[in-house]
Amino acid sequence: MITVKNLTKCYPVGDTSFQVLKGIDLEIAQGEFVAVMGPSGSGKSTFLNLLGGLDTPDSGEVLIEGNPIHDLQERQRTLFRRKHVGFVFQNYQLLPTMTVEENIAFPMEAEGLPKAVIAETVASLVKAVHLQGKEGNFPSQLSGGQQQRVSIARALSMKPRLILADEPTGNLDRRTGTEILDLLLSLQKNEQLTIIMVTHDVFSASYADRIILLKDGVIETDIKQKEGDHHDVLASILAQLNA
Ligand SMILES: Nc1ncnc2c1ncn2[C@@H]1O[C@H](COP(=O)(O)OP(=O)(O)OP(=O)(O)O)[C@@H](O)[C@H]1O
Ligand SMILES: [Mg+2]
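The structure presented is a predicted model; accordingly, all values stated were derived computationally and were not measured.

K.L.:
Help me get a handle on the sheet that holds strand β6 (residues 85-89), residues and values and all.
P.N.:
Strands belonging to one sheet form pairs held by backbone hydrogen bonds; the direction of such a pair is parallel or antiparallel. On the basis of which strands lie adjacent, the open sheet formed by six strands has the order β6-β7-β8-β3-β9-β10 and mixed pairing. What marks the edges here is a single partner per strand, and that holds for β6 and β10 (218-224). For this sheet the average axis-to-axis angle between neighbouring strands, irrespective of direction, equals 15°. Here four bridges tie strand β3 (residues 33-37) to strand β8 (residues 194-198), and the two strands are oriented parallel to one another.

If you want it as C-alpha cells, here you go:
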C-alpha cells in the first residue's frame, strides 16, 4: 500500500537547517492500522504530511499504491490527495461557516460529483458516524467528539483507502477519544482501510496492529502487535519514550 524509501526532510532555521527526518524506510500493507509515536518535535506530523502529499521531501520516495507522491507537481498532488487520502487532524479543521452536511460534502463538491451522489453519500456518512439530527449544525454547535466525527466523515467522503490521522483524540477526553478510536478501528476491520495515526498516548496506540517509534530522525522501533502481547509491547514502547 505504502512504500517509503530513504525519506529526508529538513527545515531552515536562520542561516542553518534542522534535519527532521534523516532517512526513513518503511512498508505498510493494505489494511494495517499503524500508530506513529515519538517525542514532541521528532517529526511525526512532518512524516504524516509527507505520506499524504501535504508537503514534499528533500529526498527519498513515497509510493502510495505505486503512485510516486514525492514526484508529483503541486496540482497533481492536490488531486491525488483529494481522491485517495483522508486526513483527520487534532483540531478537526472544519470550516466554521459550513454546516455538518456542507463540511462532509465539501471534498465531493470540489471534485464536482453529481448533486444526487453527494446527497446520498452525505446521508450515509452522517449515519455511519452517528450524527443524525445534527446535519444542520455548525461546528461551534457541536462537542469536540462530534466535530471529530464530522471530520472523519469528511475524510471518508471520497472513499479513500488510506486514512492519515494526526493525534485525532488529542483534544478529547478519554471516553470521547475511545469512541473515535472505536470508529477508526471499525473502519479498518469492516472497510479494510489502511490507517496511520500519530499519537502521544499509549492507550490510543494500543488500538493499532503496529507501533512505529520515531526518534532523532529515524525509525527507532517498529513493532507488530499480536493478539495478547499488547501489554508487553506497550510497556517496551513506554520505556523507550521515557528513555
Ligand atoms: N514549517 C516548519 N518550519 C520550520 N521548522 C519546522 C516546520 N515544521 C516543523 N518544524 C520543526 O520540525 C520538527 C518536527 O516537527 P513536527 O511537527 O513534525 O513534530 P511532531 O513530532 O509532530 O511534534 P508534536 O508531537 O509536538 O506534534 C520540530 O523541531 C519543528 O520545530
Ligand atoms: Mg505533531
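Let us keep going from here.
K.L.:
How would you sum up the pattern of salt bridges? Please name residues and give values.
P.N.:
When the charged atoms of two side chains lie near each other, side chains of opposite charge can form a pair. This model, assessed by the stated rule, comprises nine salt bridges. Between Glu32 and Arg210 there is a salt bridge whose closest N-O contact spans 3.1 Å. You can see Glu32 sitting in the loop between β2 (16-28) and β3 and its partner Arg210 sitting in strand β9 (residues 210-215), a full 178 residues away along the chain. Residue Glu32 is classed as buried on the basis of its relative accessible area of 12%.

K.L.:
Lay out the site of ligand 1 in plain terms, naming residues and giving numbers.
P.N.:
The environment of ligand 1 is made up of 13 residues, and the closest members are Ser40, Gly41, Lys44, Ser45 and Thr46. Contact distances for ligand 1 include 2.9 Å between an oxygen atom and a backbone N or O atom of Gly41. Interatomic distance of 2.7 Å between a side-chain N/O atom of Lys44 and an oxygen atom of ligand 1. A total of 640 Å² of accessible area belongs to ligand 1 in isolation, and the protein chains cover 60% of it. Of all the elements in the fold, those that place two or more residues in the shell around ligand 1 are β2 and α1 (44-51).

K.L.:
So what's going on with the nonpolar core? Which residues, and what values?
P.N.:
Ile104, Ile152, Leu184 and Ile211 are the most contacted members of the largest nonpolar core, which totals 44 residues. Here Ile152 is in contact with Val88, Ile180, Leu183, Leu184 and Leu187, once residues within four sequence places are set aside.

K.L.:
How would you sum up the sheet that holds strand β1 (residues 2-13)? Please name residues and give values.
P.N.:
Read across the open sheet, the four strands follow the order β2-β1-β4-β5; overall the sheet is antiparallel. Taken across any chain shown, the strands that pair with only one partner, and hence form the sheet edges, are β2 and β5 (67-68). Where β1 lies against β2, 10 bridges are found, and the strand directions are antiparallel. From the neighbouring strand, Cys10 faces β2, where its bridge partner is Gln19. Most of the contacts of α1 go to β1, to which it runs at about 125°, and overall it touches β1, β2 and β4 (59-64).

K.L.:
Give a detailed account of the packing of aromatic side chains, specifying residues and quantitative values.
P.N.:
A complete count under the given rule lists two aromatic pairs for this structure. Pairing Phe87 with Phe89 gives two aromatic rings, centres 5.6 Å apart and planes at 5°, and the pair type is stacked. On the accessibility criterion, Phe89 (19% relative accessible area) is buried. The interplanar angle of 75° and the centroid separation of 5.8 Å between the aromatic rings of Phe203 and Tyr207 together place this pair among those described as edge-to-face. Its guanidinium or amino end placed over the ring of Phe203, Arg174 lies 4.1 Å from that ring's centre, counting from NZ or CZ.

Thresholds, definitions, all that
- Residues numbered from 1 in each chain as written.
- Chains lettered and ligands numbered in written order.
- Predicted model: local features only at pLDDT ≥ 70, side-chain atom pairs only at ≥ 80, totals over all residues.
- Heavy atoms only, no water.
- Pairing = 2+ DSSP bridges.
- Helix = DSSP H or I, 4+ residues; strand = E, 2+ residues; numbered from the N terminus.
- Axes fitted to C-alpha atoms, helices over the stretch in contact; angles between N-to-C directions.
- Salt bridge = Lys/Arg side-chain N within 4 Å of Asp/Glu carboxyl O.
- Buried < 20%, exposed > 50% of the residue type's maximum accessible area, 1.4 Å probe, protein only.
- Near = heavy atom within 4 Å.
- Polar contact = N/O pair within 3.5 Å; in protein donor to acceptor, adjacent residues only side chain to side chain.
- Areas by Shrake-Rupley, 256 points an atom, 1.4 Å probe, with all protein chains shown as cover.
- Core = buried A, V, L, I, M, F, W, Y, C linked by side-chain atoms within 4.5 Å.
- Contact = heavy atoms within 4.5 Å.
- Phe/Tyr/Trp six-rings, centres within 6.5 Å; stacked < 30°, edge-to-face > 60°.
- Lys NZ or Arg CZ within 6 Å of the ring centre and 35° of its normal.

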